[in-house]
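Below are the chains, spelled out letter by letter.
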Protein chains: 2
Amino acid sequence: MKHVVIIGAGFGGIRAAKALARSDIQVTVIDKRNYHLFQPLLYQVSTAGLSVDDIAYPIRAIVKGLKNVQFNMDEVIDIDLNTRRVIGKNGITNYDFLVVATGGTTNYFGMKRVEEYSYGLKTLDEAVNIRNHILRKFEEASFEDNPDKQRALLTFVVVGGGPTGVEAVGALSELIHHVMAKEYRNIDFKQVRVVLVEATNKLLAAMPNDLSEATVYTLTKKNVQVRLGVQVADFDGEKLSLKGGEIINTHTVIWAAGVRAGDLINKLNIRQDHLQRAIVNEHLQAPDYPDVFIIGDAAHFEQNGIPLPMVAPVATQQADVAADNILNLISGKPLGQFAFKDVGNMATIGRNAAVLHIGPIKLKGFLAWLFWSLAHIWLLVDFRNRAVVFMKWIWDYLFYERAARIITRQ
Amino acid sequence: MKHVVIIGAGFGGIRAAKALARSDIQVTVIDKRNYHLFQPLLYQVSTAGLSVDDIAYPIRAIVKGLKNVQFNMDEVIDIDLNTRRVIGKNGITNYDFLVVATGGTTNYFGMKRVEEYSYGLKTLDEAVNIRNHILRKFEEASFEDNPDKQRALLTFVVVGGGPTGVEAVGALSELIHHVMAKEYRNIDFKQVRVVLVEATNKLLAAMPNDLSEATVYTLTKKNVQVRLGVQVADFDGEKLSLKGGEIINTHTVIWAAGVRAGDLINKLNIRQDHLQRAIVNEHLQAPDYPDVFIIGDAAHFEQNGIPLPMVAPVATQQADVAADNILNLISGKPLGQFAFKDVGNMATIGRNAAVLHIGPIKLKGFLAWLFWSLAHIWLLVDFRNRAVVFMKWIWDYLFYERAARIITRQ
């Protein structure tokens, strides 16, 4: 029986495992974490709207029903494509076919100090760290007599105007002005600054211009200072330096300005792009290694001369094709070619506000927000979480509440 | 305007703040954490049934509606009863009246190694640590080839047969045998041992004998080995030594064998009992300091010659009397005496099983469990959490699920 090893239990890895379930093969999923993370809602954990386990689900619970799929919780440290072995901290796994779905990580573009002092928004632990940090800064500000120091404590900067940055900054501003403003009597909330910094001249680059401009307008109305065409030079934990010389005094920088492939991909000795992604062929195979498929954020795939973006729909669609092609190889059939079907773009900006672009449909405001909410609830892994998240959102919508404002890890 | 400072936002502190709300006085609540913790359900976080923020609620959200109450998140490091000052890490607070509601902490009875290697079950961080640890031990066991080492990884010991120990061990056994047993194909679940160790010859000391014996019976049916009359001598992280010489090979000891007052109470220079509790007079005042009231787990109060137990109903009833007496002192009225009204005892043993003793009523089994569940949902601080917990319990009851099985903090 052929053995397929899938590294990574993100959107791509889990989808590949499901696509290979009930086949006459053995499948092993390896991930260093014991849960699948619903990354699109990570910013809601960082802004105290959802709990950690609302958007994370045990991998074992997912694969429980797939008879031929097993899970190894292990951190892969090397991959030997020639001897077909995956080397983990806990042991070595041999494979006949490999699916590399190791995903992406935050890209600090080599700025070491920014990496050290700012917060990424890619992992569950980072999201909880951001939540703890923001809540702590308000508690510190409530004790601070020096107005300059207080203002620095109350200045929050999100870098990056893609969906993650826009959603995070919108949720943060609402957390502060709708919820926390009622609870700190000795803080003047006019002192609070929430800033979104974007290097280009456009938010949500993938969106049509009018929706992009509507996003700027909506964020501004939600008390976010949107700074376009501004690049970060450095951050030392207290001073954010912008190119051109401006300095923003702040203790809080959330870095949503870029992603790149994770470092494991470097071990493959395959040609990579400037985001570390391995360049795959039209069947999603590693060049020279027809038994190795690379998908999702780990893979560089060009369509019409443009590399596909690092988003979940690319990963899941590639997972299906990679799984099919493994079955094709086993049964001696010709391989299918991958072609991404654009499913559209959407981003929520906050309460009653989102932008959505699907085929010919462009939508903004309440209807887009409703669609976004329902789509994301539907996409959550299990029904219990769907029900819980649905209820929390209804509740928070009605009562302007964020119950997860708990500072953990004293 | 008189200023009342309340140290501690547990059951006693929050109740005192509410009792003093809308009075013509100023109230400051100080706590080192930013949340009120619903401790009776902490064991459900440690066994992956509930999330951190299901049982924790921001103190600021609680006091938001109380116009004369403010909150300082600060760690109190000293109290000067003579100059009436509370000294915190962030600053000094003067008071006219003080309510010391600093609560209890785990009592390791001086066993330093046990304290270092076992897990207490008093704080949110401890509960999450236990959850992470248990889940990790199963993942490690799934890799372990040596049967003795595997068996040690799969041996879980809870020490202490009070309500916390009984509830924790019952929930742990169900987590393992109802949920995890379906998900680890290469672990033989007959190898798993869940042990409850109790030093006396009775579980749930406050219960009538028949309910206590029913508890042993029910736990045994739930695959828990109940060891009565057995005392712990030492634990080094891998070997639990019992008095008499027996050694249990285990990586997991949850210590629910005792509580004592927190260390802050030592700063008061008031006579204390062997659990560090300050001995108060019939009005709940510190002897010689009529402006200082000590309540809950921090206070030693004898009724009919027996010290009251360290449980939430004592704390809340004392909070009411202390608050009344502060108002009495201000208005020059005579002080009220405290007398505890027993509200009964209950403990849940797991699915469909609890024991309950309220006045003349003794109940066990499904009905007691239903009453326990509804009572605990009702007692949760806010409605959103009540609704979420209610839904999660219904769900987990129907589907034998524990969705919070997430190993955080990599």
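The name an unreviewed UniProt entry assigns to chain A is NADH:ubiquinone reductase (non-electrogenic), from the organism Anaerosporomusa subterranea. Database annotation for chain A, UniProt heading Sequence similarities (unreviewed entry): "Belongs to the NADH dehydrogenase family."

Trainee: Can you break down the overall build of chain A residue by residue, with the values?
Mentor: From N to C terminus, chain A includes 11 helices and 28 strands. Dimensions of chain A, computed from C-alpha atoms along their principal axes, come out at roughly 70 × 50 × 45 Å. Counting the 410 residues in chain A, one finds 58% classified as buried. Long-range pairs, those at least 24 residues apart, make up 64% of the contacts in chain A between residues at least 6 apart in sequence. Total accessible area on chain A is roughly 16800 Å²; 52% of this is exposed by carbon and sulfur atoms. Averaging the locations of the 45 positively and 42 negatively charged side chains of chain A gives two centres separated by 4 Å.

Trainee: Hey, could you go over the side chain of Arg-384 of chain B for me, with residue numbers and the actual values?
Mentor: If you trace the backbone, Arg-384 of chain B turns up in helix H11 (residues 383-399). Taking the relative accessible area as the measure of exposure, Arg-384 of chain B reaches 1% and is therefore buried. Within the structure, Arg-384 of chain B has its side chain in polar contact with the side chain of Asp-396 of chain A (distance 2.4 Å). What Arg-384 of chain B contacts, discounting residues up to four positions off in sequence, is Gly-49, Met-391, Lys-392, Trp-395, Asp-396, Ala-403 and Ala-404 of chain A.

Trainee: If you had to explain the UniProt feature "domain: FAD/NAD(P)-binding" (unreviewed entry) in chain A to someone new, which residues and values would you point to?
Mentor: Look at the UniProt record and you will see "domain: FAD/NAD(P)-binding" (unreviewed entry) annotated at residues 3-319 of chain A. Taken end to end, residues 3-319 of chain A comprises 29% helix and 29% strand; its first and last C-alpha atoms sit 17 Å apart.

Trainee: I'd like to hear about the packing of helix H1 (residues 11-20) of chain B against helix H9 (residues 312-331) of chain B, residue by residue, with values.
Mentor: All names here are of chain B. For the pair H1 and H9, the least separation of the axes is 8 Å and the interaxial angle reads 35 degrees. Note on packing geometry: the crossing formed by H1 with H9 is right-handed. Two secondary-structure elements touch here, H1 through Phe-11, Gly-12, Arg-15, Ala-16, Ala-19 and Leu-20 and H9 through Ala-312, Ala-315, Thr-316, Ala-319, Asp-320, Ala-323, Ile-326 and Leu-327. Counted by class, the contact of H1 with H9 contains 10 nonpolar, 2 polar and 2 charged residues.

Trainee: Give me the domain arrangement of chain A: which residues, what numbers.
Mentor: Residue and element names in this part refer to chain A. Under the domain assignment used here, chain A contains domain 1 (3-32 + 74-106 + 259-331) and domain 2 (112-257 + 344-399). Placing the centre of domain 1 and that of domain 2 at their C-alpha centroids yields a distance of 32 Å. Buried area between domain 1 and domain 2, both sides added, is near 330 Å², and the carbon and sulfur share of it is 58%. The largest share of the area that domain 1 buries against domain 2 comes from Gly-104, Thr-106 and Val-259, three residues that together contribute 80% of it. Here domain 1 and domain 2 share 0 residue pairs in polar contact (both at pLDDT 80 or more) between them.

Trainee: Before we move on, could you go through the relation of the copies chain A and chain B and cite the residues and values that matter?
Mentor: The transformation that overlays chain A on chain B combines an axial shift of 0.0 Å with a rotation of 180 degrees, and the residual RMSD is 0.0 Å. Between the two chains, the operation in question is that of a two-fold axis. Of all interface residues in chain A, 100% are interface residues in chain B too; the two copies therefore contact each other through one and the same surface.

Trainee: Can you tell me about the interface of chain A and chain B, naming the residues and giving the values?
Mentor: Contacts between the two partners involve 52 residues from chain A and, on the opposite side, 52 residues from chain B. With both sides pooled, the region where chain A packs onto chain B buries about 4800 Å², and carbon together with sulfur makes up 55% of that total. It is Arg-60, Phe-143 and Arg-384 of chain A that lose the most area in chain A upon contact with chain B, and together they represent 17% of the buried surface on that side. Linking chain A with chain B are 8 salt bridges, by the criterion used here.

Trainee: Before we move on, can you summarise the sheet that holds strand S11 (residues 119-120) of chain B with the specific residues and values?
Mentor: Residues and elements named next belong to chain B. Taken in spatial order, the 5 strands line up as S11-S18-S12-S13-S14 in an open sheet, and their pairing is parallel. Two strands lie at the open edges of the sheet, namely S11 and strand S14 (224-228), each paired on one side alone. Of the pairings in the sheet, the one linking strand S12 (residues 155-159) to strand S18 (residues 252-255) comprises 4 bridges and is parallel in character. Along S18, the bridge assignment pairs Val-159 with Trp-255. Its contacts with the sheet put helix H8 (residues 209-221) on strand S13 (193-198) and S14, and the angle it makes with S14 is roughly 145 degrees.

Trainee: How would you explain the sheet that holds strand S26 (residues 345-350) of chain A if you had to name every residue and give the values?
Mentor: Residue and element names in this part refer to chain A. Taken together, 3 strands build an open sheet; the order of strands is S26-S27-S28 and the sheet is antiparallel. Each having just a single partner strand, S26 and strand S28 (361-364) make up the two edges of the open sheet. This sheet shows a mean twist of 5 degrees between the axes of neighbouring strands, independent of strand direction. Sheet topology note: the S26/strand S27 (residues 353-358) ladder contains 5 bridges and is antiparallel.

Trainee: An account of a nonpolar patch on the surface is requested, with residue identities and associated values reported.
Mentor: Residue and element names in this part refer to chain A. Taken together, the side chains of Phe-366, Leu-367, Leu-370, Leu-374, Phe-390, Ile-394, Leu-398 and Phe-399 define a hydrophobic patch exposed on the protein surface, amounting to about 770 Å² of accessible area. Counting residues per element, the ones that place at least two in the nonpolar patch are helix H10 (366-379) and helix H11 (383-399). As for its position among the elements, Leu-374 is in helix H10.

Trainee: Break down the environment of Ile-77 of chain B for me, with residues and values.
Mentor: Residue and element names in this part refer to chain B. Tracing the backbone shows Ile-77 in strand S6 (residues 76-80). Overall, the relative accessible area of 39% leaves Ile-77 in the partly exposed class. C-alpha separation for the pair Ile-77 and Ile-247, spaced 170 residues apart in sequence, amounts to 40 Å. When near neighbours in sequence (up to four residues on either side) are disregarded, Ile-77 contacts Ile-87, Gly-88, Lys-89, Leu-264 and Lys-267.

Trainee: Which residues make up helix H7 (residues 163-179) of chain B, and what values go with them?
Mentor: In this model H7 of chain B runs 23 Å from its N-terminal to its C-terminal C-alpha over 17 residues, within 8% of the 24 Å that 1.5 Å per residue would give. The buried count for H7 of chain B comes to 13 of 17 residues, which makes it a mostly enclosed element.

Trainee: Before we move on, could you go through the packing of aromatic side chains and cite the residues and values that matter?
Mentor: The final tally for this structure, using the stated rule, is 22 aromatic pairs over all chains. Seen in terms of ring centroids, Phe-138 of chain B and Tyr-184 of chain B are 5.6 Å apart; in terms of plane orientation they differ by 45 degrees. Their pairing is tilted. With Phe-138 of chain B in helix H5 (residues 124-143) and Tyr-184 of chain B in the loop between H7 and S13, this residue pair connects regions lying 46 residues apart in the sequence. Owing to a relative accessible area of 0%, Phe-138 of chain B belongs among the buried residues under this scheme. Put simply, the rings of Phe-138, Phe-156, Tyr-184 and Phe-189 of chain A touch in pairs and so form one group of aromatic residues. In this arrangement the basic side chain of Arg-351 of chain B is found over the ring face of Tyr-397 of chain B, its NZ or CZ atom lying 4.2 Å from the centre. Over the ring of Trp-378 of chain B we find Arg-386 of chain B, and its NZ or CZ is 4.4 Å from the ring centre.

Trainee: Account for the confidence of the model for chain A, naming residues and giving values.
Mentor: For chain A, the mean per-residue pLDDT works out to 96, and 100% of the residues sit at or above 70. Here the complex is predicted with pTM 0.95, and the ipTM for its interfaces comes to 0.93.

Trainee: I'd like a rundown of H5 of chain B, residues and numbers included.
Mentor: Its 20 residues give H5 of chain B an end-to-end C-alpha distance of 29 Å, which sits within 8% of 28 Å, the value for a rise of 1.5 Å per residue. For H5 of chain B, the buried fraction is high: 15 of the 20 residues fall into the buried class.

Trainee: Mind laying out unusual backbone geometry, listing which residues take part and the relevant values?
Mentor: Non-glycine residue Ala-48 of chain A carries a positive phi angle of around 70 degrees. In this structure, Ala-48 of chain A sits in the loop between helix H2 (42-46) and strand S4 (56-58). Here the phi dihedral of Leu-204 of chain B falls at roughly 50 degrees; this positive angle occurs in a residue that is not glycine. By the element assignment, Leu-204 of chain B lies in the loop between S13 and H8.

Trainee: Report on the environment of Gly-91 of chain B, specifying residues and quantitative values.
Mentor: Residues and elements named next belong to chain B. Positionally, Gly-91 belongs in the loop between strand S7 (85-88) and strand S8 (92-94). The spatial distance from the C-alpha of Gly-91 to the C-alpha of Asp-125 is 26 Å, given a sequence separation of 34 residues. Residue contacts for Gly-91: discarding those within four places in its chain leaves Asp-74 and Val-86.

Cut-offs applied
Residues numbered from 1 in each chain as written. Chains lettered and ligands numbered in written order. Predicted model: local features only at pLDDT ≥ 70, side-chain atom pairs only at ≥ 80, totals over all residues. Heavy atoms only, no water. UniProt positions renumbered as here; feature names shortened; annotations may be inferred. Helix = DSSP H or I, 4+ residues; strand = E, 2+ residues; numbered from the N terminus. Buried < 20%, exposed > 50% of the residue type's maximum accessible area, 1.4 Å probe, protein only. Contact = heavy atoms within 4.5 Å. Areas by Shrake-Rupley, 256 points an atom, 1.4 Å probe, with all protein chains shown as cover. Lys, Arg positive; Asp, Glu negative; His and termini not counted. Charge placed at Lys NZ, Arg CZ, Asp CG, Glu CD. Polar contact = N/O pair within 3.5 Å; in protein donor to acceptor, adjacent residues only side chain to side chain. Axes fitted to C-alpha atoms, helices over the stretch in contact; angles between N-to-C directions. Left-handed = near helix turned anticlockwise from the far one by under 90°. Nonpolar A, V, L, I, M, F, W, Y, C, P; charged D, E, K, R; others polar. Domains from an automatic or database assignment. Buried area = accessible area lost by both parts, 1.4 Å probe. Least-squares fit on C-alpha atoms with pLDDT ≥ 70 in both. Salt bridge = Lys/Arg side-chain N within 4 Å of Asp/Glu carboxyl O. Pairing = 2+ DSSP bridges. Patch = residues over 30% accessible without salt bridge, like charges linked within 9 Å, V, L, I, M, F, W, Y side chains within 5 Å. Expected span 1.5 Å × (residues − 1). Phe/Tyr/Trp six-rings, centres within 6.5 Å; stacked < 30°, edge-to-face > 60°. Lys NZ or Arg CZ within 6 Å of the ring centre and 35° of its normal. pLDDT = per-residue confidence, 0-100.

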